[in-house]
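# Examining the three-dimensional arrangement
Each chain, letter by letter, is given below.
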Amino acid sequence: MKRIVILISGRGSNMQAICEQDLPGGAVVAVIANRPDAAGLAWAAERGIDARVVDHKAYPDRASFDVALAEVIDGYAPDLVVLAGFMRILGAEFTRRYEGRMLNVHPSLLPAFTGLSTHQRAIDAGCRVAGCTVHFVTAELDHGPIVAQGAVPVLEGDTAASLAERVLAVEHRLYPAAVRDFVAGRLTLADGRVHRVATANAGAQLLSPAEA
Ligand code: GAR
């Protein structure tokens, strides 16, 4: 059984989508938040999943927070660490520790719009498409080998909120599928690129407004 630890900071809708899917050969063994008020914690606890807090405010600097977080994570001996709306920057030592076994979802079509306010920035730039990216985590923020991307149209009159909602629906499809493929051993990394076996089209989705 592949053991999965999910890190969240807030609502945790991606975490829910991952937990609710059928996951042969895998189990979510813990959900860890860096904020005690992260709404997703209660959802996980109600389902009997270990819900833990490592409050970043309790640590004097990033490095000591990273050490404390890694200690809790390693207590679960995970095969995969899943960042699902986890809004803390993680240091190089931390990312190296989980190299090749830590995934993130980012609400843009990387390498465009790393960082925050991705939807507003896509609208301001006049983008006609926006989307999300599932990728392996490396030391560089919002970089790392791409596992899957989904694109949606940017519509006339879109706000950051309406675009975020459209993109989030795609995240909820792509991220669980990527986790399932990792667990099934269908994701491999070679020369910094992801190879996804036997699911030829799983890595890309183009959605029309009606579908999105
Ligand atoms: C998601 O849209 C995710 O892509 C984004 O935060 C949201 C979390 O929602 N992540 C980032 O911006 C990370 N850089 P959720 O808590 O409902 O899954």
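If you look the protein up in an unreviewed UniProt entry, it shows as Phosphoribosylglycinamide formyltransferase from Crenobacter intestini. Taken from UniProt, the Function (unreviewed entry) comment for the protein reads in full: "Catalyzes the transfer of a formyl group from 10-formyltetrahydrofolate to 5-phospho-ribosyl-glycinamide (GAR), producing 5-phospho-ribosyl-N-formylglycinamide (FGAR) and tetrahydrofolate." According to its UniProt record, the protein has this under Pathway (unreviewed entry): "Purine metabolism; IMP biosynthesis via de novo pathway; N(2)-formyl-N(1)-(5-phospho-D-ribosyl)glycinamide from N(1)-(5-phospho-D-ribosyl)glycinamide (10-formyl THF route): step 1/1."

Per the stated rule, a full pass over the model turns up six salt bridges. Salt-bridge contacts for Arg35 lead to Asp37; the nearest nitrogen and oxygen are separated by 3.2 Å. Residue Asp37 is classed as exposed on the basis of its relative accessible area of 53%. In this structure, Glu46 engages Arg47 in a salt bridge whose closest nitrogen and oxygen atoms are separated by 3.7 Å. The exposure class assigned to Glu46 is exposed, which follows from its relative accessible area of 65%. A relative accessible area of 44% places Arg47 in the partly exposed class. Overlapping salt bridges, with partners in common, bring together Asp181, Arg186 and Arg196 in one network.

Take the site of the ligand next. Taken together, Arg11, Gly12, Ser13, Asn14, Gly85, Met87, Val105, His106, Pro107, Leu168 and Glu171 make up the full set of residues adjacent to the ligand. Ser13 is positioned with one of its side-chain polar atoms (N or O) 2.5 Å from an oxygen atom of the ligand. A distance of 3.3 Å separates a nitrogen atom of the ligand from a polar side-chain atom of His106. Relative to its unbound accessible surface of 450 Å², the ligand loses 87% to contact with the protein. If you map the ligand onto the pockets, it falls in the largest pocket. Here the residues of the shell around the ligand sort into four nonpolar, five polar and two charged.

Here we come to helix H6 (residues 160-183). The first and last C-alpha atoms of H6 sit 33 Å apart over 24 residues, in line with the 34 Å expected at 1.5 Å per residue. Downstream of H6 by one or two residues, Gly185 has phi in the positive range, about 75°.

Here the focus is unusual backbone geometry. A cis amide bond, omega 15°, links Leu110 with the succeeding residue Pro111. Examined against the element boundaries, Pro111 turns out to sit in the loop between strand E5 (102-106) and helix H5 (118-124). Positive phi, normally seen in glycine, also occurs at Phe113, with a value near 55°. Among the secondary structure elements, Phe113 is positioned in the loop between E5 and H5.

The subject of this paragraph is the UniProt feature "binding site: N(1)-(5-phospho-beta-D-ribosyl)glycinamide" (unreviewed entry) in the protein. Sites flagged by UniProt as "binding site: N(1)-(5-phospho-beta-D-ribosyl)glycinamide" (unreviewed entry) map to Gly12, Ser13 and Asn14. Residues from the named set that contribute to the lining of the largest pocket are Gly12, Ser13 and Asn14. On the accessibility criterion, Gly12 (8% relative accessible area) is buried. With respect to the helices and strands, Asn14 occurs in helix H1 (residues 13-20). Residues within four places of Asn14 in sequence aside, it is in contact with Ala84, Val105, Leu168, Glu171, His172 and Tyr175.

Cut-offs used in this document
- Residues numbered from 1 in each chain as written.
- Predicted model: local features only at pLDDT ≥ 70, side-chain atom pairs only at ≥ 80, totals over all residues.
- Heavy atoms only, no water.
- UniProt positions renumbered as here; feature names shortened; annotations may be inferred.
- Salt bridge = Lys/Arg side-chain N within 4 Å of Asp/Glu carboxyl O.
- Buried < 20%, exposed > 50% of the residue type's maximum accessible area, 1.4 Å probe, protein only.
- Near = heavy atom within 4 Å.
- Polar contact = N/O pair within 3.5 Å; in protein donor to acceptor, adjacent residues only side chain to side chain.
- Areas by Shrake-Rupley, 256 points an atom, 1.4 Å probe, with all protein chains shown as cover.
- 1 Å grid on protein atoms, 1.4 Å probe; cavity = no way out; pocket = protein on both sides within 12 Å on 5 of 7 lines; lining within 4 Å.
- Sits in = over half its atoms within 2 Å of the grid points.
- Nonpolar A, V, L, I, M, F, W, Y, C, P; charged D, E, K, R; others polar.
- Helix = DSSP H or I, 4+ residues; strand = E, 2+ residues; numbered from the N terminus.
- Expected span 1.5 Å × (residues − 1).
- Contact = heavy atoms within 4.5 Å.

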